[in-house]
Structures are given as structure tokens and as C-alpha cells.
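One-letter residues, chain by chain:
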Amino acid sequence: MTDTTAQPGLTGNVLFYSQPEPLTVETHGKLGVNPVDKPYAFAGVTNLVPLTVTEFAPAALSYPVIFAGETKQPVVVMGLRQDENLFVSPEGDFRPEAYIPAYVRRYPFVFANDDVEKRLILCVDRAASFVVEGGQTPLFIDGQPSPYTQQAMEFCNNFEQERLRTEAFVKLLTDLDLFESKEAVFTPRNPDGSAAAPQKLAEYFAVSEDKLKALPAEKLAELRDNGALGQIYAHLVSLLGWDRLIAMAFQKAATQPVAANA
């Protein structure tokens, strides 16, 4: 159940949102959203963005899809360094060929947990530069959520359903003991062309192909029939994208001016 009424007891700390506020007509009745040609600068602050399971296939065409941390949260890798995003320009452009995760597209709206009322509250990031008083597309009309806000609420509600589906997917893989720890490694070349010492780029969780092959035939058939097998293969294919990320990082470094020696 969702609501736009402010309540105490909201919890949650969400990537990208620096000033989330429960959306109310009393506080935000005069606000609106202005159109922005390059709206994604906020996403450039990180190299990892959460992903829902139904996005694995389209995202796999652009990024490595990995499982991060103890919770094995699915994320896409958009850069090799923590604060670097190779797909978002400083001006806020997203590379046109890249898939934009729903986590990014829902901004500046997000659901927060109301622990008192045990429900979800629609919030807006008041710090978003394109949310302003008198904005072109109002958040409220005649004291009621505008069609734009209603659409945002529906999108966030769908995202919440996909988030729960993703948690169930991760639990399924965990229960089947399909995860293994993996490393992304880059082997640079010495000036003479020989291989230099390998460098570890990242450590993450991925589905083990050996463990997957070792599953009983009926379990594999079950994964096939419930759609999980297709998502697993999309994840595995996406791991070929590490080489693309490395090439993009080199390309970016080559275009940056070299600092003069003091």
C-alpha cells in the first residue's frame, strides 16, 4: 500500500537521493519539474547501480551484471573505480547506446518505509535540480497528485514489485548454492609487448557455471520453466563486458590532459 502523506518513522538511505522528503500537497503543492536535456548527472557519482532481475537481458548488452556484497545485490558495473561512471558525462548525458536501469529512471521519486504504519511513502528528492517551484510539469493540480505524479507513483510501485521479485531470485540462487566468488583481472602489457603483472579490478559474486551444470535435470527444467535460467545466462554473458569497460577506461584516460610536472 502506498501513501503520499508524511508520517514519522521513515527509514532508508538510498543511493542518489540526498534530500528525500515525503511528498505532500502542503509542502510541495507549488513544485513542478522542468524538462532537462541532460538529466543524469546525479548518476555519475558511482560505478555500481542496482538492477532488478527482469532487466538482466537488456542490461547485459551494455554492462557486466554482477552480485555485490553479502546480500548479493544485483548491480551493473558502469566504471572501474568507485566514483567513476564511464556511461554518464559530467554534463548529465547517458551514452545513447546504453541501457538505463529503472533505478536511475525513477529519480527523483522513491518509496521509503514507514515503520510505524508499515507501508510505503512516496518521496521526492528535494535536492534534484529540476524540481523547482513553478516548474513546467506540476506535482499537484487542484490539491491532488498530477498525472505526472500518479505516473511516478505507478512506476515506483512497479519497481517495488520487481525489487521483491529480485530478492526471491537471489534467494533461489542462494538456496541452490549457485554462487561463487570471482575476480575481474586486467593484464597490462609491458613496453616490449610482454605481459605485466595482472591487476585485480574487482571481486564479486557470480553464478558458477560448474555448479549450474551439476544441478539435477529436474531442477534445471524448473529454472527454465520459471524464467530464472534465462536471467542466469544473461548474467553470465554480461561478464564478457569487463573487457569493454577496460577499453572505455583507457579511451577516457587517453583523452584527458596530462598534468604538467612541477
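Undergrad: Quick question: what am I supposed to make of the pairing of strand S9 (residues 119-125) here?
TA: Each regular strand displays side chains that alternate between the two surfaces of the sheet. With respect to burial, S9 is a largely interior element, 7 of its 7 residues being buried. Of the two faces of S9, the one carrying Arg119, Ile121, Cys123 and Asp125 and the one carrying Leu120, Leu122 and Val124 are both buried. In terms of strand pairing, strand S3 (residues 20-22) meets S9 through 3 bridges, oriented antiparallel. From the neighbouring strand, Pro20 faces S9, where its bridge partner is Asp125. Of the strand pairs in this sheet, strand S8 (residues 109-114) and S9 are connected by 6 bridges, and their pairing is antiparallel. The residue of S9 that forms the bridge with Val110 is Cys123.

Undergrad: Would you explain the layout of surface pockets in this entry?
TA: Rolled over the atoms, a probe sized like a water molecule indicates the empty space that remains. Considering only enclosed or pocket space, the second largest pocket measures out at about 330 Å³ in volume. As for the second largest pocket, its lining consists of 19 residues, of which Arg105, Arg106, Tyr107, Pro108 and Tyr148 are closest to the centre. Of the residues forming the lining of the second largest pocket, the biggest block, 5 residues, is contributed by helix H4 (residues 147-175). Within the lining of the second largest pocket, the residues separate by chemical class into 15 nonpolar, 2 polar and 2 charged.

About the cut-offs
Residues numbered from 1 in each chain as written. Predicted model: local features only at pLDDT ≥ 70, side-chain atom pairs only at ≥ 80, totals over all residues. Heavy atoms only, no water. Buried < 20%, exposed > 50% of the residue type's maximum accessible area, 1.4 Å probe, protein only. Helix = DSSP H or I, 4+ residues; strand = E, 2+ residues; numbered from the N terminus. Pairing = 2+ DSSP bridges. 1 Å grid on protein atoms, 1.4 Å probe; cavity = no way out; pocket = protein on both sides within 12 Å on 5 of 7 lines; lining within 4 Å. Points joined across faces, edges and corners; volume = space filled by probe spheres on them. Nonpolar A, V, L, I, M, F, W, Y, C, P; charged D, E, K, R; others polar.

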